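# Residue-level structural notes
So you can see what is in the structure, the chains are spelled out below.
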Amino acid sequence: VATYEVYQSIFGKTGISKTIIRDMIPFLNNELSHLLDDSCFFKLELSINSSNEIEFHMIDTDTRVVKSINAGSGYEKTIASLALRSVLSKVSSLPKPNIVVMDEVFGKIADENIEMVGEFFKKIKNYFEHIIVISHNPLIRTWSDNLIMIEKTENISSIGSISTKIS
C-alpha cells in the first residue's frame with residue numbers, strides 16, 4: 001500500500017508531472033502565442049481543469065469564441081498540433097532532434113488558408129534545423145529553401161530534380 005501511495009504521489013493526477021506542467025503552462029502559452037501571432041486567426045492555450053487534466057483551447061482572435069481543439073477545422077487542428085509539437089520540443093529536457101518530417105500534414109488545409117500557413121511555417125523554422133515537408137500541393141513549394149522533386153515513371157519513383165534557393 002505504501003509503495004502505491006508513493007507511486008500515486010509521483011505519477012497521479014496531482015503528482016510531480018502535473019505540478020511541473022502547471023508551473024510551465026504560462027511559459028507554454030506565451031510561446032504558443034508568439035508562434036501563432038500573425039500566422040493564424042486563433043490563439044491556442046493550455047489549462048488544467050478541476051479534474052487536474054490538461055485541456056487545449058482554441059480562441060478565435062476576432063470573436064473571442066473558445067472551443068476545444070477537437071472542434072477545430074482541419075486547418076486549425078494541423079496548425080495547433082504543429083505549434084504544440086514545436087513548443088514542447090523547445091522546452092523538453094529530452095534529447096531534441098534537429099529535424100522534423102511532415103508527410104502530407106497540410107492536405108486538410110484549404111488553399112485559401114495555405115498562405116497564412118506559410119507565415120506559420122517561417123516561424124517554426126526557428127525551432128528545427130531541418131524541416132522536410134512531403135506534399136503534393138504546389139503552393140507549398142515557395143516555402144522551401146531546397147526542393148527535391150520526385151517523379152514516378154512506370155510505377156518506379158526516382159529523384160527528378162533538385163533546386164536550391166539562392167539567398
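Look a little higher up for the structure.
All of the points below concern the structure found in this document. By convention here, each chain's residues receive numbers from 1 onward along its written sequence. Only residues with pLDDT of at least 70 are given local features in this predicted model, and only at 80 or more are side-chain atom pairs given and counted; all residues enter the totals for whole chains, interfaces and linings. Processing note: side-chain calculations cover all non-hydrogen atoms of the structure and skip hydrogens and water entirely.

## A few points about a nonpolar patch on the surface
Residues form patches when they are more than 30% accessible in relative terms and have no salt bridge. Like charges link within 9 Å. Nonpolar side chains (Val, Leu, Ile, Met, Phe, Trp, Tyr) link within 5 Å. Note that accessible areas follow from Shrake-Rupley with a 1.4 Å probe, and for residues the cover is restricted to the protein chains shown. Salt bridges are defined as contacts in which a side-chain nitrogen from Lys or Arg sits within 4 Å of a carboxyl oxygen from Asp or Glu. Together, Tyr4, Val6, Tyr7, Ile10, Phe11, Ile16 and Ile20 make up a nonpolar patch on the protein surface, roughly 720 Å² of accessible area in all. Going through the elements one at a time, helix H1 (2-11) and helix H2 (16-36) are the ones with two or more residues in the nonpolar patch. Labels follow the DSSP assignment, with helices taken as runs of H or I lasting at least four residues and strands as runs of E lasting at least two, numbered in each case from the N terminus. With respect to the helices and strands, Ile10 occurs in helix H1. Burial classification: accessible surface area is computed with a 1.4 Å probe over protein chains only, and a residue below 20% of its type maximum counts as buried, one above 50% as exposed, and the rest as partly exposed. On the basis of relative accessible area, Ile10 is assigned to the partly exposed category, the value being 30%.

## Some thoughts on the nonpolar core
Counting 31 residues, the largest nonpolar core has Leu36, Phe42, Leu44, Ile79, Phe106 and Phe120 as its most contacted members. If you list the elements that add at least two residues to this core, you get H2, strand S1 (42-48), helix H3 (74-91), strand S4 (99-103) and helix H4 (111-124). The greatest single-element share of this core, amounting to seven residues, is contributed by H3. To qualify as a nonpolar core, a set must consist of buried Ala, Val, Leu, Ile, Met, Phe, Trp, Tyr and Cys residues joined through side-chain atoms within 4.5 Å.

## A short note on the environment of Asn52
Its location among the elements puts Asn52 in the loop between S1 and strand S2 (54-60). Along the chain, Asn52 and Gly15 lie 37 residues apart, while their C-alpha atoms are 9.9 Å from each other. A contact between two residues is defined here by any heavy atoms of the two lying within 4.5 Å. Setting aside residues no more than four positions away along its own chain, Asn52 makes contact with Lys13, Thr14, Lys18 and Arg22. Under this definition, polar contacts are N or O atom pairs within 3.5 Å; protein pairs additionally need one hydrogen-donor-capable and one acceptor-capable atom, and for neighbouring residues in sequence, both atoms have to be side-chain atoms. Separated by 2.4 Å, the side chains of Asn52 and Arg22 make a polar contact.

## Overview of the packing of H3 against H4
Viewed as axis vectors pointing N to C, H3 and H4 meet at an angle of 0°, and their least axial separation amounts to 11 Å. Between H3 and H4, the angle is such that the two are roughly parallel. Contact residues: Tyr75, Ile79, Leu82, Ala83 and Ser86 in H3; Asn113, Met116, Val117, Phe120 and Ile124 in H4. Here the term charged refers only to Asp, Glu, Lys and Arg, the term nonpolar to Ala, Val, Leu, Ile, Met, Phe, Trp, Tyr, Cys and Pro, and the term polar to all other amino acids, Gly among them. For the contact of H3 with H4, the residue count by class is eight nonpolar, two polar and no charged. Comment: axis = line fitted to C-alpha atoms, over the contacting stretch for helices; angle = value between 0 and 180 degrees taken between N-to-C directions. Roughly parallel covers angles under 35 degrees, roughly antiparallel covers those over 145, roughly perpendicular covers 65 to 115, and oblique covers all other angles.

## Some points on the sheet that holds S2
Here a strand pair is declared whenever DSSP counts at least two bridges between the two strands. Overall, antiparallel pairing links the three strands, which are arranged S1-S2-S3 in an open sheet. Of all the strands in the sheet, just S1 and strand S3 (66-68) have a single pairing partner and so form its edges. Looking at each pair of strands side by side, their axes are set apart by 35° on average, direction ignored. Where H2 meets the sheet, its contacts fall on S1 and S2, and the angle it forms with S1 comes to roughly 175°. The sheet strands contacting H3 are S1, S2 and S3, and the helix crosses S1 at an angle near 60°.

## Some points on the environment of Glu104
By the element assignment, Glu104 lies in the loop between S4 and H4. If sequence neighbours within four positions are ignored, Glu104 has contacts with Ile134, Ser135 and His136. In this structure the side chain of Glu104 is engaged in a polar contact, spanning 2.5 Å, whose partner is the side chain of His136.

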